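Descriptive analysis of the structure
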Amino acid sequence: MLDCSAAAATRMAANYLDWPNLDAIWISHFHLDHCGGLSPFLAGTKHTDSMKERKKPLRIFGPSGLEHLLAKFDDVNNYRLLEQPFPIEVIEIEAQEKFEILPGVEVVAMSTPHTDESHAIHIRDIDGKTMVYSADTGFSEAVGTFASQVDLFILECTFVRDKPVQKHLELAEAMIMIRQAQPRRAMLTHFHPEWDDVNFAEEVAKFDPLCEVIEAADGSHLDV
Ligand SMILES: [Zn+2]
Ligand SMILES: [Zn+2]
């Protein structure tokens, strides 16, 4: 699972995902729309009958400070969220340090211009399929290069145009980064409400993209 918003647990259930067997969670940074669902999810796994038989570990990966964050969530009411029927491992990663997020699945993270701890990740599957998930980022040619030739480039596109902050992207910037990366397919996500009244396909077509650019939606399902 790539980031864990408040809605993540209910979304997994609503989409019939096999959440009791989730192997790994990646937390890109500590804004609540990316990590605020960790506590409710872990409270759920701790008390759900279907988890009592689970033996395999759940690994939670993220930037430096992740352990501290979880400890703070715990402290609110001595929840002991990391005491589960199965082992939990919290693993803090460094930028550019290659690690295995699942057996045979290699990941490298890189820092993004969003918060001090924010990272994008590059995932290489056991059969060579690749994906980059930018999470939140300001404009960054380095992130575009990081996503070079991947099968799927999932990129934030918070604003349509005239963005009010530097630490997120607007469509024109996202399209530059996609053009730079030349992925097989791209998917834009993390839309602020101003997108609600915008025709996504029309706006994207203005940039004459070189690959399919998909509009992420709740419950979207695609194979890499
Ligand atoms: Zn953020
Ligand atoms: Zn965000």
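Up top is the structure.
**Quick word on the sheet that holds strand β4 (residues 99-102)**
- Pairing in this open sheet of 7 strands is mixed, and the strands run β4-β5-β6-β7-β8-β9-β10 from one edge to the other. The sheet is open, and its two edges are formed by β4 and β10 (212-215), each paired on a single side. Averaged over all pairs of adjacent strands, the angle between strand axes in this sheet comes to 25 degrees, irrespective of strand direction.
- Pairing analysis gives 4 bridges linking strand β6 (residues 119-124) to strand β7 (residues 130-133), with the strands arranged antiparallel. Among the inter-strand pairings, R124 is bridged to a residue of β7, identified as T130.
- Contacting β8 (152-156), β9 (185-189) and β10, helix α6 (residues 171-181) crosses the sheet at an angle of about 160 degrees to β8.

**Some details on the coordination of the zinc ion (ligand 2)**
- Distances from the zinc ion (ligand 2) to its protein donors, D33 (OD), H34 (NE2), D136 (OD) and H190 (NE2), fall within 2.0 to 2.2 Å.
- Coordination geometry of the zinc ion (ligand 2): the 4 donor atoms subtend angles of 87 to 163 degrees at the metal centre, consistent with an arrangement described as irregular.
- In primary sequence terms, the donor set of the zinc ion (ligand 2) follows D-H-x101-D-x53-H.
- A gap of 3.5 Å separates the zinc ion (ligand 2) and the zinc ion (ligand 1), which D136 links by coordinating each metal. One end of the pair, D136, is in the loop between β7 and α5 (141-146); the other, H190, is in the loop between β9 and α7 (200-205), with 54 residues separating them in the sequence.
- Take D136: its relative accessible area is 2%, and that puts it in the buried class.

**Description of the layout of surface pockets**
- Within this model, the largest pocket holds a volume of roughly 2,200 Å³.
- Lining the largest pocket are 49 residues; nearest its centre among them are M1, L2, L17, I154 and S220.
- If you list the elements that add at least two residues to the lining of the largest pocket, you get α1 (8-14), β1 (24-26), α2 (32-35), β4, β7, β8 and β9.
- Considering only residue class, the lining of the largest pocket consists of 27 nonpolar, 11 polar and 11 charged.

**Structural notes on the coordination of the zinc ion (ligand 1)**
- Protein ligation of the zinc ion (ligand 1) involves H29 (NE2), H31 (ND1), H114 (NE2) and D136 (OD), the donor distances falling in the range 2.1 to 2.3 Å.
- Taken together, the 4 donor atoms coordinating the zinc ion (ligand 1) and their angles of 93 to 163 degrees define a geometry best described as irregular.
- Owing to a relative accessible area of 28%, H31 belongs among the partly exposed residues under this scheme.

**Points about the pattern of salt bridges**
- For the coordinates displayed, the defined rule picks out 9 salt bridges.
- Taking the shortest distance from any N to any O, the salt bridge between R184 and D151 comes out at 3.2 Å. Of this pair, R184 sits in the loop between α6 and β9 while D151 sits in the loop between α5 and β8; the two residues are 33 residues apart in sequence, bridging distant segments of the chain.
- Look at R184 and you get partly exposed, because its relative accessible area is 44%.
- When its relative accessible area of 15% is taken as the criterion, D151 is described as buried.
- Across the pair K163 and E173 runs a salt bridge, and its minimum N-O distance is 2.9 Å. In this pair, K163 is assigned in the loop between β8 and α6 and E173 in helix α6, connecting sequence segments 10 residues apart.
- E173 gets classed as buried once you look at its relative accessible area, which sits at 14%.
- Salt bridges sharing partners connect three or more residues here, namely R161, E203 and K206.

**Points about the packing of aromatic side chains**
- With the rule as written, the count across this model stands at 6 aromatic pairs.
- With a centroid separation of 5.8 Å and 45 degrees between ring planes, the pair formed by W195 and F200 is classed as tilted. Neither residue differs from the other here; W195 and F200 are each classed as buried.
- An aromatic cluster of at least three residues, connected via ring pairs, comprises W26, F61 and F99.
- R54 extends its terminal NZ or CZ atom over the ring of F86, reaching a point 4.6 Å from the ring centre.

Conventions used here
Residues numbered from 1 in each chain as written. Chains lettered and ligands numbered in written order. Predicted model: local features only at pLDDT ≥ 70, side-chain atom pairs only at ≥ 80, totals over all residues. Heavy atoms only, no water. Pairing = 2+ DSSP bridges. Helix = DSSP H or I, 4+ residues; strand = E, 2+ residues; numbered from the N terminus. Axes fitted to C-alpha atoms, helices over the stretch in contact; angles between N-to-C directions. Contact = heavy atoms within 4.5 Å. Donors = N, O, S within 2.8 Å, 3.2 Å for Na, K, Ca; no water. Tetrahedral: all angles 85-135°; square planar, octahedral: opposite > 155°, others 65-115°. Buried < 20%, exposed > 50% of the residue type's maximum accessible area, 1.4 Å probe, protein only. 1 Å grid on protein atoms, 1.4 Å probe; cavity = no way out; pocket = protein on both sides within 12 Å on 5 of 7 lines; lining within 4 Å. Points joined across faces, edges and corners; volume = space filled by probe spheres on them. Nonpolar A, V, L, I, M, F, W, Y, C, P; charged D, E, K, R; others polar. Salt bridge = Lys/Arg side-chain N within 4 Å of Asp/Glu carboxyl O. Phe/Tyr/Trp six-rings, centres within 6.5 Å; stacked < 30°, edge-to-face > 60°. Lys NZ or Arg CZ within 6 Å of the ring centre and 35° of its normal.

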